[in-house]
Amino acid sequence: MRHRVAVLAAVLGITLFGLTVYPGRTFLQSDTQIYIPVLQWLEDRSLYPEDLIPTGAHVSLTFYDEAARGGKAITGSYQASLELQQALFRACGIFGVFLIATSAGLAAPAAMGVAFLMSLGATIIGPAVLTVEYEPVPRGFAVGLILLSAGLFAHGRFALGAIAAGLALLYHAPAVWPLWLMVPFLPRRKELLIALGASIAILIPLSIPQASLGETQRFFAILSPEHAELQRLRASYNWISLWFARYAWFYFSAWAVSLAAFWRIGRQLPATVQVLFLGMPAIGIFTMPVSYVLLEKVGWALLPQLQPMRALLFTVLFAVILASIAAFTARAWWERLAWLAVVLTVPFLHGGQNPKRIETSQLAELSEWAASATPATAVFLFPEEGRALPPGIFRARSRRTVWVDWKAGGQVNYFPQYAQAWWKRWNEALAPPFTPDRVPALANLGIDYLVLTKTGLPGVEPAWSNSAYRVYRIR
């Protein structure tokens, strides 16, 4: 009992350190800028009547929205609901790595050290993903569950591991397909196949009510030249030709590290899971040529939706885990130091994580004013923000339409009509530099309020202002 309490305390301690110190956490600074307005709209269809985001909703094939709404019923807010899940699934990932390390013969303190090193995270530059997500997004939840699943498999708990893998699939299938691809090579496939069937059986009825709410996703189409070009501009992380020359060395190096570490300690791992630690890093590497052929040569519209190269996170993640185990099992000090040097370099490459908070008190004041003093149909534009993130934070906090912003363009991966509409709005409203003489044209688009940060409108009193923002009603 003392041992279990100590392990639980250590897992909670590492989780708390990761959430509050490094790599940290954020809210409404990345993909939650998309998910929160979609969740709000699913709850109240009167919201965002002129906003593009609801038309690009893509949560029908995930349990994320149902879990978020269920948590909100208990906690009172989507933020609390999602952040509680974020803490839970980070802890699951940490405990899973602890189990993996103990299965390799490490004592509990050393195994917890491996889990801590993994928890520092890494930036998967190019595909634009993180091994430890700082936002409470479905991919981050799913990766934590996959690590837990691998740890349970390593200790022979195949039924529990299959349940964890099935839950990961419910949250975010594009993040966990590498594990499911390995099922034919794992023992006790029956439990995994049952979990797979159960997950699909749960997802189908959940997806039916949302099937007609937005634009239909095209899984078997070919991208038009216009849509492909827009994706290359707004979603370059899916196009390997745009980043391979700069960043491919990192992934081949990580693969080499994982192979070297596996050669060093592979026999210490249970035979039942050795295939995972060889196969999943390799799958990440092979997504690069596969994606190049199927997306850039064939133009298959499914590829930007699946984003297969984000499986490279397993190449890096497993390299860190295996190298950390090798460090703690090495007898020679120089070998231990060499492995640790590799492991401790990874979290801080490409600028590291630990993002700074960008939601200011002035932006919060603006959001509160808009929520209380403007009608739900009000349309806002931030013409001086360019590609900055505050408009998306404002949208979610105020529950008001933002005519167009850069972050909302992230859904061009999924929907061609959405992509065309977003690009049209961007070029009409934000691409030209803002000057006061453009106000009539912006009003004709249907915009009610301009939120300015640098200039004002000569001779016009703002409807509201604080030290950072001035809001002008133009229609």
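Residues numbered from 1 in each chain as written. Predicted model: local features only at pLDDT ≥ 70, side-chain atom pairs only at ≥ 80, totals over all residues. Heavy atoms only, no water.

### Let's talk about the packing of aromatic side chains
Turning to step 1, where the next piece is worked out: Inspection of the entire model under this criterion finds 26 aromatic pairs.
Turning to step 2, where the next piece is worked out: Arranged with centres 6.1 Å apart and planes meeting at 85°, the rings of Phe314 and Phe318 form a pair that is edge-to-face. Of this pair, Phe314 and Phe318 both sit in helix 14 (residues 312-329), separated by 4 residues, roughly a single helical turn. The same class applies to Phe314 and to Phe318, which are both buried.
Turning to step 3, where the next piece is worked out: Consider the rings of Trp422 and Trp426, whose centres lie 5.7 Å apart with planes at 25°: the pair is stacked. Of this pair, Trp422 and Trp426 both sit in helix 18 (residues 416-430), 4 residues apart, which is roughly one turn of the helix. Just as Trp422 is buried, Trp426 falls in that class too. (Phe/Tyr/Trp six-rings, centres within 6.5 Å; stacked < 30°, edge-to-face > 60°. Helix = DSSP H or I, 4+ residues; strand = E, 2+ residues; numbered from the N terminus. Buried < 20%, exposed > 50% of the residue type's maximum accessible area, 1.4 Å probe, protein only.)

### Looking at the environment of Leu206
Turning to step 1, where the next piece is worked out: One can find Leu206 in helix 9 (residues 189-207).
Turning to step 2, where the next piece is worked out: Residue class for Leu206 comes out partly exposed when judged on its relative accessible area of 24%.
Turning to step 3, where the next piece is worked out: Apart from the residues within four sequence positions on either side, Leu206 is in contact with Ser60, Phe63 and Glu66. (Contact = heavy atoms within 4.5 Å.)

### Digging into a nonpolar patch on the surface
Turning to step 1, where the next piece is worked out: A cluster of nonpolar side chains, Ile222, Tyr292, Val293 and Val298, forms an exposed patch at the surface whose accessible area comes to about 330 Å².
Turning to step 2, where the next piece is worked out: Mapped onto the secondary structure, Ile222 falls in the loop between helix 9 and helix 10 (225-234). (Patch = residues over 30% accessible without salt bridge, like charges linked within 9 Å, V, L, I, M, F, W, Y side chains within 5 Å. Areas by Shrake-Rupley, 256 points an atom, 1.4 Å probe, with all protein chains shown as cover. Salt bridge = Lys/Arg side-chain N within 4 Å of Asp/Glu carboxyl O.)

### Here we look at the sheet that holds strand 3 (residues 379-381)
Turning to step 1, where the next piece is worked out: Ordered in space as 4-3-5-7-6, the 5 strands form an open sheet in which the pairing is mixed. For this open sheet the edge positions go to strand 4 (401-402) and strand 6 (464-465), each flanked by a neighbour on one side alone.
Turning to step 2, where the next piece is worked out: Where strand 3 lies against strand 4, 2 bridges are found, and the strand directions are parallel. Note that in strand 4 the partner of Val379 across the bridge is Thr401. (Pairing = 2+ DSSP bridges.)

### As for the environment of Phe63
Turning to step 1, where the next piece is worked out: Note that Phe63 resides in the loop between helix 2 (32-43) and helix 3 (64-75).
Turning to step 2, where the next piece is worked out: Residues Phe63 and Leu167, spaced 104 residues apart in sequence, show a C-alpha to C-alpha distance of 8.7 Å.
Turning to step 3, where the next piece is worked out: Leaving out residues up to four positions away in the same chain, Phe63 has contacts with Leu170, Tyr171, Leu203 and Leu206.

### Things to note about the nonpolar core
Turning to step 1, where the next piece is worked out: Of all hydrophobic cores here, the largest spans 155 residues; its most connected members are Tyr251, Leu276, Leu366 and Trp422.
Turning to step 2, where the next piece is worked out: It is helix 14 that contributes the most residues to this core, 14 residues altogether.
Turning to step 3, where the next piece is worked out: With sequence-adjacent residues up to four places away left out, Tyr251 is seen in contact with Ile124, Ile125, Gly126, Pro127, Trp243, Ile285, Met288, Leu312, Thr315 and Val316.
Turning to step 4, where the next piece is worked out: Among the nonpolar cores identified, the runner-up in size contains 7 residues, and Leu223, Ala228, Leu295 and Leu303 belong to it. (Core = buried A, V, L, I, M, F, W, Y, C linked by side-chain atoms within 4.5 Å.)

### Topic: the pairing of strand 7 (residues 470-473)
Turning to step 1, where the next piece is worked out: As paired strands, strand 5 (residues 449-452) and strand 7 are joined by 4 bridges and run antiparallel to one another. Considered in strand 7, the bridge of Leu452 is made with Arg470.
Turning to step 2, where the next piece is worked out: Here strand 6 runs beside strand 7; their pairing, made up of 2 bridges, is antiparallel. For Trp464, the partnering residue across the bridge sits in strand 7 and is Val471.
Turning to step 3, where the next piece is worked out: Count of turn residues in the strand 6/strand 7 antiparallel hairpin: 4 residues.

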